Amino acid sequence: MVEKMMARSVRLLFAGGMAAATLGMAGTAAAQDNTNIQRVEITGSSIKRATAETASPVQVIGRDELLRSGKGTVAEYLQTLTVDGAGSLPTGFGNGFAAGSTAISLRGLGATSTLVLLNGRRMAPFARADDGQKSFTDLSTVPMQIVERIEILKDGASSTYGADAIAGVVNIILRKDVQGLELKADTGWSRYDDAKQNKASITYGQGDLDTDRYNWVVNAEYTQSDRLKNSQRSKVRGYIGNGDLRSYGFPIGTQFAGGYVNGTNNVSPGLTGMVRDPVSTNYVTLPGCSTLSATADQTGANGGCLHYADQWRDMQPEIESVNLYTKGTFQINPATQAYVEVGYSKRSTAFTMTPASFTTTVAFPPNAQTPQGYINYGNLNLLAASHPQNPFGAPARIRYIAGDIGPSERNADNEFRRFVAGIKGSAFGWDYDTGFTYSDSTLDLLYTNMINMNVMRAALGDPTSKYFPYYMGAQASKNPASLYQALVVNAGSRSKTSLSVIDFKASRELPIALPGGNLNLALGAEHRREKVTNPSLAGSENGSINSSYVAAFGDSKVSAIYAEILAPLLKSLELSAAVRYDKYDNFNSTTPKVGLKWTPIRSFALRGTYTEGFRAPGAAEGSALSQSTGTSTVSDPVRCPGGKPAAGGATSTDCSIPVAAVKVGDPNLQPEKSKGATLGMVWDPIDGMSIALDAWKIKRENEINPLPYNEAAALPTAIRNDNNLVQNGVVIPNSGTLVLTQAPYRNSSYTEVKGVDLDIRQRLRLGDYGRATLGMVVTHVASWARHESATTVYQYAGTHGNCDTSNCAGTPKNKVNLSASWDIGAWNFSGNLNWRDKMQNVLFAGDKCASTLANGQPGTTDCEIASFTTVDLSTRFNVNKNFTLFASVNNVFDKWAPLDPLTYGGIGYNPMDASGAIGRYFKVGASYKF
């Protein structure tokens, strides 16, 4: 009876406040009212149990809750949850390494510490590591319309699943009970009649396992989303999508600006072309700015030709995707069931960036010709003395953004395949499940309008070349088509990851009686192989195109065994314990977990867990053949000491400057290790109400991180331009504008995060007025600290950080989800409120303000990124038992995303606040069941 009462509590929590049947299992739904309870398996455990409630905190999102949200994808919905944090990848992050993908980051520990499963099994990771480092599972490959439920385990689970489950597990479970034909279609548009999305799906199932001894379901889903440009928002939503923040008091030299003169021998590349006087080292801007730059106000450009990235760059990519999935289940005999799953996904995205720079700095593996492993094209003498646009009669440097070539577009075509075959059943008193899984992910990248740097150098600086002269800016019309055919290249690469897994697990109730019941045991084994082949863009291996080298290669084998027990020590006290041993090619790991659940009275339970976990070095981190160059915004410690521009030529731009850092894989890296604990309670104070409160703490040690960029910027090996500071007539060596540094991977720091989750659900029976459900989920991050050394600690809770090893989206201390649903007759009305707390606009606690106005004052009120709240509403009307109409409005009150001048993922706004950048969004659709 105790178990039954607590099962009611957990079902309220699991259902997200929508319905007890959300778990999608008839036996579980019936368990509340009769004693014939079906045993179910919950994410994080291999033992089926009579109640879904375990010692571990688990959040379950049901199918109805997901579809009623109005969100277009699984990732879009998951990224609104309070448990998601910095390091997740939104759709609009098109300028990142892994553009075209989406991911979730539990507890802000990164997508690489969040294990994503499909029907309880792993998937091949996305074929390009985020930040050139972090391997993760792409949520875009999951078909949303056939999702049955999503179970989120909020503590570690390496004892069951092995690597990567440090922060928790997201298990996406697809439907297997479909009978008949279901058609569904919807369309969406913003209040500005743009950002349109269209989706259609068809699902068919037949067969009943009990009567026909088989069931087969197939689903096909098509999605299309229009491109949204920043310029479409900068004209109607102020700072959102607008790189030009001068009207808000910011200096001209923000991170999305270019073409301005910043001082002697210090300019940002411009659209007209800028030529340096070899004697005075001052740059002269070539004519024609008004015809090339969309920025009419050139105030403060100091003779340059000012432009901003929103002239070209997209806010949201153009997307076209197809998801196919089928599963067949066959009842061989009453005790044996065979199943086969096949999945296929193809997703094509296109994201427009800015035109290429002729004077970039690129990094690549050292070779005989370039042993230093980089080329700073900005410091090469490029413009020949005889070039028609050279006014000085001597070789001269230039700074140029090739607007005549046009913006570069990043095209990513990702194909994902998955095959699972298995048998499960009962034999000799054991319940068993064994299967083979193969999945792979193939990514074709194509970057258009890249520059052949060798042709460029010849066309500008070699009068004997057939390509000479190349005319810049306003005179580019003089260039023949043959020159562009040689100069402009489309650089591509084809990457692939693959995963092969054989697994077996079995569980049973042992004839060992304890005061609370019999002991339960589960045993399992697994062998898997993971391969990564991620070559860099063609031409980047030697610096012959305007892109740094990004590549990763790896091939690893893992064998594992594990065991789990469930011991009812008393009628009211349950002990769970598990241990797993993983053997890799060059290391091994043993990870335990233990949990306790105490139910002293029917309506109240205490629970707690202790777990250890690990993450193996990824291919991008652990191979000497792997290298990448990442970018982050730092304050130059040489040109902006103490947060103030140094005398002799530095400006406020140096206090918030994007710096590139080269990261190289190291085969000697050891795995990250973690220890985590939870302590909480579940309480049913009144009928229909359930409250869960859980405190959590995770310590991740031996972390694999690059050297922090702000520390790397201080290294004497940092590469700088030669516009050195001049103080009291003395040139300060190696004090020019920072362009590149080294940030090697290392096992160094440890991170400790802790906080509290609160989940309250209330179900209401309203008689003639139907039924309603209210819910509130709160996550409070008390601390998010990275310990670089015994004396250097970075506290990120409540700040804009972490910006070195995440997406620089910030770490708010508090996030809240409020939900309400009302069913009356044929109608359903639902609403969700999502709120995130304000954040200090600093890179870490105690640091100076990361963004400042031209007058030196903080760039945002009180040096904070304001809190952000959105309200989403939806409705559904069942015309009859077969035909349903539905509609939703996201961001009902059309809230603007708060100004965020620091982030690089969005122009003027935080990429995680994308709904406030896109604006109020409408969606209507219909479904029909035959």
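Residues numbered from 1 in each chain as written. Predicted model: local features only at pLDDT ≥ 70, side-chain atom pairs only at ≥ 80, totals over all residues. Heavy atoms only, no water.

**Q** Quick question: what am I supposed to make of the overall build of the chain here?
**A** Scanning the chain from terminus to terminus reveals twelve helices and 49 strands. By principal-axis analysis of the C-alpha atoms, the chain measures approximately 95 × 60 × 50 Å. A burial count over the chain gives 60% of its 930 residues as buried. Pairs at least 24 residues apart make up 71% of the contacts formed inside the chain by residues separated by at least 6 positions. (Helix = DSSP H or I, 4+ residues; strand = E, 2+ residues; numbered from the N terminus. Buried < 20%, exposed > 50% of the residue type's maximum accessible area, 1.4 Å probe, protein only. Contact = heavy atoms within 4.5 Å.)

**Q** How should the sheet that holds strand 5 (residues 168-174) be read in this particular structure?
**A** Hydrogen bonds between backbone groups are what pair the strands of a sheet, and the pairing can be parallel or antiparallel. Spatially, 1-4-5-2-3 is the arrangement adopted by the five strands of the open sheet, whose pairing is mixed. Only two strands of the sheet have a single partner each, and these edge strands are strand 1 (58-62) and strand 3 (121-122). Examined bridge by bridge, strand 2 (residues 114-118) and strand 3 share two bridges and lie antiparallel to one another. Considered in strand 3, the bridge of Leu118 is made with Arg121. (Pairing = 2+ DSSP bridges.)

**Q** For this particular structure, what's the right way to read the state of the cysteines?
**A** Note on terminology: a disulfide is the covalent bond linking the sulfur atoms of two cysteines. Following the criterion strictly, the structure yields four disulfides and no others. Disulfide partner of Cys640: Cys655, at an S-S distance of 2.0 Å. Across the S-S bond linking Cys640 and Cys655, the dihedral sits near 95 degrees, which makes this disulfide right-handed. Linking Cys640 in the loop between strand 30 (627-634) and strand 31 (657-664) with Cys655 in the loop between strand 30 and strand 31, this pair joins segments that are 15 residues apart in sequence. Just as Cys640 is buried, Cys655 falls in that class too. (Disulfide = S-S within 2.5 Å.)

**Q** Is there a simple way to explain the nonpolar core in this structure?
**A** Counting residues in each nonpolar core, the largest one holds 63 residues, and the members touching the most others are Leu78, Ile150, Val170 and Ile172. Beyond its immediate stretch of four places on either side in the chain, Leu78 contacts Asp84, Ile104, Leu139, Ile150, Ile152 and Val170. Leu382, Tyr400, Ala459 and Met472 belong to the second-largest nonpolar core, a separate cluster that totals 30 residues. (Core = buried A, V, L, I, M, F, W, Y, C linked by side-chain atoms within 4.5 Å.)

**Q** Can you walk me through a nonpolar patch on the surface in this structure?
**A** A surface patch of nonpolar side chains, about 650 Å² in accessible area, is lined by Leu764, Leu766, Tyr769, Leu774, Trp822, Trp827 and Phe829. Mapping Trp822 onto the fold places it in strand 43 (residues 814-824). Residue classification places Trp822 among the partly exposed residues on the basis of a relative accessible area of 33%. (Patch = residues over 30% accessible without salt bridge, like charges linked within 9 Å, V, L, I, M, F, W, Y side chains within 5 Å. Areas by Shrake-Rupley, 256 points an atom, 1.4 Å probe, with all protein chains shown as cover. Salt bridge = Lys/Arg side-chain N within 4 Å of Asp/Glu carboxyl O.)

**Q** Sorry if this is basic, but what is going on with the confidence of the model for the chain here?
**A** Should pLDDT be low for a region, the predicted coordinates there are not to be read in detail. Taken as a whole, the chain shows an average pLDDT of 90; of its residues, 95% reach a score of 70 or greater. Looking across the chain, the model is least confident in helix 2 (residues 26-30), with a mean pLDDT of 33, and most confident in helix 9 (residues 481-487), with 97. Taken as a whole, residues 1-37 scores under 50 in pLDDT and shows 91 contacts with residues more than four places along the chain or in a different chain. (pLDDT = per-residue confidence, 0-100.)

**Q** I keep staring at unusual backbone geometry and nothing clicks. Help me out?
**A** Glycine aside, residues mostly have negative phi, and peptide bonds are mostly found in the trans state. Of note, the amide linkage connecting Phe468 to Pro469 takes the cis form, showing an omega dihedral of -5 degrees. Locating Pro469 in the fold gives a position in the loop between helix 8 (453-461) and helix 9. With omega at 10 degrees, the peptide bond leading from Gly801 into Asn802 counts as cis. Position of Asn802 among the secondary structure elements: in the loop between strand 42 (793-795) and strand 43. A positive phi angle, close to 60 degrees, is found at Arg107, a residue other than glycine. On the secondary structure map, Arg107 appears in the loop between helix 4 (74-78) and strand 2. For Arg107, a relative accessible area of 7% gives the class buried. If you check the backbone angles, Asn449 has positive phi at about 55 degrees while not being a glycine. Note on placement: Asn449 falls in strand 23 (residues 430-451).

**Q** Is there a simple way to explain the pairing of strand 27 (residues 573-583) in this structure?
**A** For a regular strand, side chains alternate in direction, first toward one face of the sheet and then toward the other. Residues Glu574, Ser576, Ala578, Arg580 and Asp582 of strand 27 are buried on one face, while the alternating residues Leu573, Leu575, Ala577, Val579, Tyr581 and Lys583, pointing to the opposite face, are not. Where strand 26 (residues 552-570) meets strand 27, eleven bridges bridge the pair, whose relative direction is antiparallel. The residue of strand 27 that forms the bridge with Leu570 is Leu573. In this antiparallel pair of consecutive strands, strand 26 and strand 27, the connection spans two residues. As paired elements, strand 27 and strand 28 (residues 588-601) share eleven bridges and run antiparallel to each other. By the bridge assignment, Val579 is partnered in strand 28 with Pro592.

**Q** For this particular structure, what's the right way to read the packing of aromatic side chains?
**A** Two numbers describe a pair of aromatic rings. These are the distance of the centres and the angle of the planes. Evaluated as defined, the whole model comprises 20 aromatic pairs. Note on Tyr204 and Trp216: the rings are 5.9 Å apart at their centroids and 70 degrees apart in plane angle, and the pair reads as edge-to-face. Of this pair, Tyr204 sits in strand 7 (residues 197-206) while Trp216 sits in strand 8 (residues 214-225), placing them twelve residues apart in sequence. The exposure class of Tyr204 is partly exposed, given its relative accessible area of 29%. Since its relative accessible area comes to 35%, Trp216 is described here as partly exposed. With a centroid separation of 5.3 Å and 45 degrees between ring planes, the pair formed by Phe358 and Tyr470 is classed as tilted. Of this pair, Phe358 sits in the loop between strand 18 (336-355) and strand 19 (361-363) while Tyr470 sits in the loop between helix 8 and helix 9, and the two are 112 residues apart along the sequence. Through successive ring pairs, a cluster of aromatic residues spans Phe358, Tyr400, Tyr470 and Tyr484. Just above the ring of Phe886 sits the side chain of Lys184; from NZ or CZ to the centre is 4.7 Å. Geometry around Tyr750 places Lys699 over its ring, the cationic atom sitting 4.5 Å from the centre. (Phe/Tyr/Trp six-rings, centres within 6.5 Å; stacked < 30°, edge-to-face > 60°. Lys NZ or Arg CZ within 6 Å of the ring centre and 35° of its normal.)

**Q** Explain the environment of Thr884 here, please?
**A** The residue Thr884 is located in strand 48 (residues 883-890) in this model. Considered as a pair, Thr884 and Asn119 are 765 residues apart in the sequence and their alpha carbons are 28 Å apart. When neighbours within four sequence positions are excluded, Thr884 is seen to be in contact with Arg876, Phe877, Asn878, Val879, Gly925, Ala926 and Ser927.

**Q** How should the pattern of salt bridges be read in this particular structure?
**A** Opposite charge on two side chains permits pairing when their charged atoms draw close. Tallied over the full model, the rule gives 44 salt bridges. For Arg246, the salt bridge is made with Asp244, and the minimal N-O distance between the two is 2.8 Å. One salt bridge connects Glu788 with Arg746, and the closest N-O pair in it is separated by 2.9 Å. Of the two residues, Glu788 is situated in the loop between strand 41 (771-787) and strand 42 and Arg746 in strand 39 (residues 745-747); the sequence distance between them amounts to 42 residues. Residue classification places Glu788 among the buried positions, given a relative accessible area of 10%. Take Arg746: its relative accessible area is 26%, and that puts it in the partly exposed class. Sharing partners across several salt bridges, the network here consists of Arg227, Lys229, Asp314, Glu318 and Glu409.

**Q** What is the right way to look at the side chain of Arg122 in this model?
**A** Relative to the helices and strands, Arg122 resides in strand 3. At 2.8 Å, the side chain of Arg122 forms a polar contact with the backbone oxygen of Ala163. Among all residues touching Arg122, those that are not within four sequence positions of it are Leu115, Val116, Leu117, Tyr161, Gly162, Ala163, Asp164, Arg418, Thr437, Leu499, Glu526 and Arg528. (Polar contact = N/O pair within 3.5 Å; in protein donor to acceptor, adjacent residues only side chain to side chain.)

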